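Geometric and topological summary
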Amino acid sequence: MKKVLMINQSWCKGCGICAAFCPKGALEIVDDKVQRKEGTECILCGQCELRCPDYAIYIDENEGDTDQWAKSY
Amino acid sequence: MTVDTGDVSVKTKNMSNLIYKYMRPEHLPQIWCPGCGNGIIMRDIAQAIENLGLSRNSTVIVSGIGCSARAAGYMDFNTIHTTHGRAIAFATGIKLANPSLEVIVVTGDGDISAIGGNHLIHAARRNIGLTVVVMNNNIYGMTGGQYSPTTPTGAFGTTAPYGNLDRSFDIAGLAYGAGASYAARGSAYHVQQTTTLIQEGIKHRGFSIIDVASICPTYYGRKNKKGSAVDMLKWQRDNSVTVDQAAKMSQEELKGKLVIGLLHQVNYPEFTYAYDQLIRRLFEEREENE
């Protein structure tokens, strides 16, 4: 079981809470939607999921493919 | 929907398991403003229910009117969206009709302390086994930013353009003064702690109130120049003190601070239990007389 960071942009309202409380600064808001910042590392801590008021970002357990690992981004 | 890795895998459900299990996805995303703290608190409630392993069938969510009351529509339990301020009155009826149900009232500061103030103090006095989660945003958000009973003195609202003259209510303190056997305060920022407080409140036998400081960036934040949702959450982070810390601080130091944690817990007979005992006693007395 590998964990992955999932973003549902259609639910994102761009409040920026996830990006502000990300301990690695791995998220950014572009055009009022959240996305992963290039060249940063996500440690899958789940702080963004805890505070997202719109449930648009979360950590999911991804079965199978071991290559799907957030750090490879 | 995007996945964090290079190749995009397609998933049918585009939400976390918790949300999928306890919310009604057809009604999401919520109508709450960007950055509203209510969504965070609603997730806390779902997480608390998940941690306790409560069945969806034996849990009832009751809400009144206001921004917070929308929660009853989003949460996938037996839910009822009631009239303004009367959520506790409806919940009392549900709890008395079937005491085995876990009744959770989701309400706002205006709903519970202004319009429903009397219901709050009398339900607390009765010690009926409800769990009340207050999404306290210090203002009437849905109707356009009028000051509420929890708006701090001097703070601004659309009906207080020169600052609010009244002193604010401490909802947890009010309920505790009225006899609630469990009173706690959480905040939108302190997710895990608030979840635990809600969880303990549900487990507690008796009236439990969890006053959760929410954030309203649209009205309270804008009227009072508190900045964005992020700034308001940072304020909560930097100005919160736990109950233990607060005990060592003077009144002066505590000014403008948010005291979070379990404020008060006592045990005395819960109302539906006492009512059941009364019925049993009367039945026994009648049998003896016959």
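Sequence order sets the numbering: in each chain, residues are counted from 1 along the sequence as written. Here every chain gets a letter starting at A, and every ligand a number starting at 1, in the order they are written. With pLDDT at 70 or above as the cut-off, local features in this predicted model cover only qualifying residues; side-chain atom pairs require 80 or more to be listed or tallied, and sums for whole chains, interfaces and linings still use all residues. Only hydrogens and water are set aside; all other atoms, that is, all heavy atoms of the structure, feed into the side-chain values.

**A look at the overall build of chain A**
In this description a helix means any DSSP run of H or I spanning at least four residues, a strand means any run of E spanning at least two, and both kinds are numbered starting from the N terminus. When you go through chain A residue by residue, the secondary structure sums to two helices and four strands. Start at the N end of chain A and walk to the C end: the helices and strands fall as β-α-β-β-α-β. Here chain A holds 73 residues, and the buried ones make up 52% of them. Partitioning the contacts of chain A with sequence separation of at least 6, the portion at a separation of at least 24 is 60%. Carbon and sulfur atoms provide 44% of the accessible area of chain A, an area that totals close to 3,400 Å². Burial status follows relative accessibility: with a 1.4 Å probe on protein chains alone, a residue under 20% of its type maximum counts as buried, one over 50% as exposed, and anything between as partly exposed. Here, two residues are considered to be in contact whenever any of their heavy atoms come within 4.5 Å of each other. Residue burial considers only the protein chains on display, and all accessible areas are found by Shrake-Rupley using a 1.4 Å probe.

**Thoughts on the side chain of D109(B)**
Mapped onto the elements, D109(B) comes out in helix α5 (residues 109–115). When charges are counted, neither His nor the chain ends are considered; positive counts come from Lys and Arg and negative counts from Asp and Glu. By salt bridge we mean one thing: a side-chain nitrogen of Lys or Arg within 4 Å of a carboxyl oxygen of Asp or Glu. In this structure D109(B) is buried but unpaired, with R185(B) as the nearest side chain of opposite charge at 12 Å.

**Quick notes on the side chain of S187(B)**
Relative to the assigned elements, S187(B) resides in strand β8 (residues 182–187). Contacts described as polar in this section are N or O atom pairs within 3.5 Å, which, within protein, must combine one atom able to donate a hydrogen with one able to accept it, while residues neighboring in sequence count only if both atoms come from side chains. Within polar-contact distance, the side chain of S187(B) engages the side chain of H190(B) at 2.7 Å.

**A short note on the sheet that holds strand β9 (residues 208–213) of chain B**
Residues and elements named next belong to chain B. In space, the eight strands of this open sheet follow the order β3-β2-β4-β5-β9-β8-β11-β10, with mixed pairing throughout. Each edge of the sheet is formed by a strand with only one pairing partner; in this case those strands are β3 (78–81) and β10 (240–242). Within the sheet, the average angular offset between the axes of one strand and its neighbour, ignoring direction, is 20 degrees. Note: two strands are recorded as paired if DSSP finds a minimum of 2 bridges between them. Pairing between β8 and β9: six bridges, direction parallel. Counted as the bridge partner of S187 is A213 from β9. Contacting β2 (59–63), β4 (102–108), β5 (130–136) and β9, helix α2 (residues 38–52) crosses the sheet at an angle of about 155 degrees to β5. The axes are straight lines fitted to the C-alpha atoms, using for helices just the contacting stretch, and the angles between their N-to-C directions are given from 0 to 180°.

**A few points about the pattern of salt bridges**
Applying the stated criterion across every chain yields a total of 12 salt bridges over all chains. Of the charged contacts in the structure, one is a salt bridge between D54(A) and K13(A), with a shortest N-O distance of 2.9 Å. Separated by 41 residues along the polypeptide, D54(A) in the loop between α2 (47–51) and β4 (57–62) and K13(A) in the loop between β1 (2–7) and α1 (17–21) bring together distant segments of the chain. When the shortest N-O distance is used, the salt bridge between D211(B) and R185(B) registers 3.5 Å. Within this pair, whereas D211(B) is found in strand β9, its partner R185(B) is found in strand β8, the two being separated by 26 residues in sequence. Judged by relative accessible area, which is 11%, R185(B) ranks as buried.

**Overview of the confidence of the model for chain B**
All names here are of chain B. Residue-level confidence of the predictor is summarised by pLDDT, bounded by 0 at the bottom and 100 at the top. Mean pLDDT for chain B: 89, with 96% of residues reaching 70 or above. Taken element by element, the predicted model of chain B shows its lowest mean pLDDT in strand β1 (residues 2–3) (43) and its highest in β2 (95). Within the model, the stretch residues 1–12 combines pLDDT values under 50 with 29 contacts to residues more than four positions away or in other chains.

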